Structure formats: structure tokens, C-alpha cells
Amino acid sequence: MADQTHVLFVEDDDVIREATQLALERDGFAVTAMPDGLSGLEAFRTNRPDIALLDVMVPGLDGVSLCRRIRDESTVPVIMLSARADSIDVVLGLEAGADDYVTKPFDGAVLVARIRAVLRRFGHASGGDRSDEAPSEVAGGVLNFGDLEIDTEGMEVRRAGQPVALTPTEMRLLLEFSSAPGTVLSRDKLLERVWDYGWGGDTRVVDVHVQRLRTKIGQDRIETVRGFGYKLKA
């Protein structure tokens, strides 16, 4: 297991849990599968997985609450699993700190592709093995935007001299904005560059992460350009 990417999978449906675990293991992942949120939280704290897959509706401690507890302790990537694409639970999961979500029922190949896309963003290999490859190619240096300071080499952010804690997804999003300050970036472009989507994705993922980023670096720092996207104020 030490040489494999370790997945924590929390799902209360026995059939889905067992079938998905087998599919992930066939693709080279090590999987710890749990049937409820409380056992999932214990497994997370014991095993420290590389990524967590959390079903929204699990007993004991629901997936959104579990995501929030994990995010309080770690920046490990989290993918939520939801039975309805239009569910408010999707937004709640993203607001709780999830990096992406997949709608059930899902195709195993699609789930694996989404997992690998998230792992690439977090510096892991696209398969089941770990990698120390940098998450993105960013020109080194310190960028300043008003009271906001971005160290692109140290991957650190400060606001008015105080450190700002960002998740890796939030950091990549900020780096995309800071690489082209004043330039409008569409939601589709951000999905492609930050979330590594080679296909159409749900723009709510972008909107929620932009709002989370705003709360950390300043509500006025990222401007909404209605009908087009977002831009970082130079």
C-alpha cells in the first residue's frame, strides 16, 4: 500500500461500495472502504489517505459534515458523490471544502478519470502510484496585488502580511488568476486549467471555489464579469 495512492471511500450501499472498491483496486489504487461517516472519519485519521471519496447521504455523520471535519484537519483532496446533479448537497459539499463531485450512478471509468485529474492537481501521478511532480508550471517569484502577496515558488500567500491558508485547488485557482491579472477567464477555461477537465463540467464547481477564495483574499479582489467569467484586479 505504501507505493500506491490510498483512497478512502465512504459509501453505505453495500453493492456500490464493494463494486467500486474492486474497480479502483483493479486500476492500481489501495482502497479503504467504510459504510458510514463516523467509521470513515476514524479511518481517515488512522490511515491518512491521499484522496477521499465521500457519498453525501451516509449514516452517522453525513458526507458534507465528514468533508468539513476532514478539511478542518487536512488539505487532502475530497470528491463528493451525489445521487442528484441538481441537489443542494452538491453546493453544500463544495462549500464544505470538497474539490469536485461526481453524480451517481457513475461509470467506473469516469470516476477513475476524475480521481486522476484531482490527483494530478495535487501533485500525484495520474495512475495508482505517487509522484512528486509539481502540480503546475508556474513562473517563480513573488507577485503583489495591493495587500495580497503570492509567493509562486514557496506556494505561500499573505494578505496584509498575514499568512492565508489555501487548499491546493484554491491555490491553483489563484495562480491562474495571478498569471493574467486584469484578464477575464471564463468558467470553462478555469475548469480546463484548474480542474483538468477535458470535457464539459459543472460551472458551480468554479463559482463556489471563487467564492471560497474571495473570503480568504478579499471579496473585492476577484471581479465577476457578468456573462463572461472572472478576473483578478491588477
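Scroll up to find the structure.
A quick note: this is a predicted structure, and the numbers were derived from the prediction, not measured.

A. Region of the structure containing the packing of helix 4 (residues 88-95) against helix 8 (residues 204-217). Between helix 4 and helix 8, the shortest axis-to-axis distance is 9 Å and the interhelical angle comes to 35°. Here helix 4 and helix 8 pass one another in a crossing that is right-handed. Within the contact between the two elements, helix 4 uses Val90, Val91, Leu94 and Glu95 and helix 8 uses Arg204, Val205, Val208, His209 and Arg212.

B. Up close: the environment of valine 7. With respect to the secondary-structure elements, valine 7 resides in strand 1 (residues 6-10). Relative accessible area serves as the criterion here: at 0%, valine 7 is assigned to the buried category. Placed 14 residues apart in sequence, valine 7 and glutamine 21 show a C-alpha to C-alpha distance of 9.2 Å.

C. Inspection of helix 8 at higher detail. With 14 residues, helix 8 extends 20 Å from end C-alpha to end C-alpha; this agrees with the ideal 20 Å at 1.5 Å per step. All buried positions along helix 8 are accounted for by Val205, Val206, Val208, His209, Val210, Arg212, Leu213, Arg214 and Ile217. Trailing helix 8 by a residue or two, glycine 218 shows a phi angle of about 120°, which is positive.

D. Fine view of the side chain of aspartate 55. Locating aspartate 55 in the fold gives a position in strand 3 (residues 51-55). A residue is classified by how much of its surface remains accessible, and aspartate 55, at 4% relative accessible area, is buried. Ignoring any residue separated from it by four or fewer positions in sequence, one finds aspartate 55 in contact with Val10, Glu11, Asp12, Gly63, Leu81 and Lys104.

E. Region of the structure containing the pairing of strand 10 (residues 222-225). Two strands pair when backbone bridges link them, and strand 10 and strand 11 (residues 229-232) are joined in this way by four bridges, in the antiparallel orientation. Within the sheet, the bridge partner assigned to threonine 224 lies in strand 11 and is tyrosine 230. The turn linking strand 10 back onto strand 11 is made up of three residues, and glycine 227 within it adopts a positive phi angle of 85°.

F. Inspection of helix 2 (residues 37-47) at higher detail. Those residues of helix 2 not exposed but buried are Gly37, Ser39, Gly40, Leu41, Ala43 and Phe44. Taken together, the buried residues of helix 2 touch strand 1, strand 2 (30-34) and helix 3 (63-73). Its side-chain oxygen placed 3.2 Å from the backbone nitrogen of leucine 38, aspartate 36 serves as the N-cap of helix 2.

G. Looking closely at the sheet that holds strand 7 (residues 148-151). The strand order 6-7-8-9 describes an open sheet built from four strands, whose pairing is antiparallel. With one partner strand each, in any of the chains shown, strand 6 (142-145) and strand 9 (162-164) form the two edges of the open sheet. In this sheet, adjacent strand axes meet at a mean angle of 25° when their direction is disregarded. Bridge count for strand 8 (residues 156-159) against strand 9 is three bridges, and the pairing is antiparallel. Bridge pairing in strand 9 places arginine 158 opposite proline 163.

What counts, and where the lines are drawn
Residues numbered from 1 in each chain as written. Predicted model: local features only at pLDDT ≥ 70, side-chain atom pairs only at ≥ 80, totals over all residues. Heavy atoms only, no water. Axes fitted to C-alpha atoms, helices over the stretch in contact; angles between N-to-C directions. Helix = DSSP H or I, 4+ residues; strand = E, 2+ residues; numbered from the N terminus. Left-handed = near helix turned anticlockwise from the far one by under 90°. Contact = heavy atoms within 4.5 Å. Buried < 20%, exposed > 50% of the residue type's maximum accessible area, 1.4 Å probe, protein only. Expected span 1.5 Å × (residues − 1). Pairing = 2+ DSSP bridges. Polar contact = N/O pair within 3.5 Å; in protein donor to acceptor, adjacent residues only side chain to side chain.

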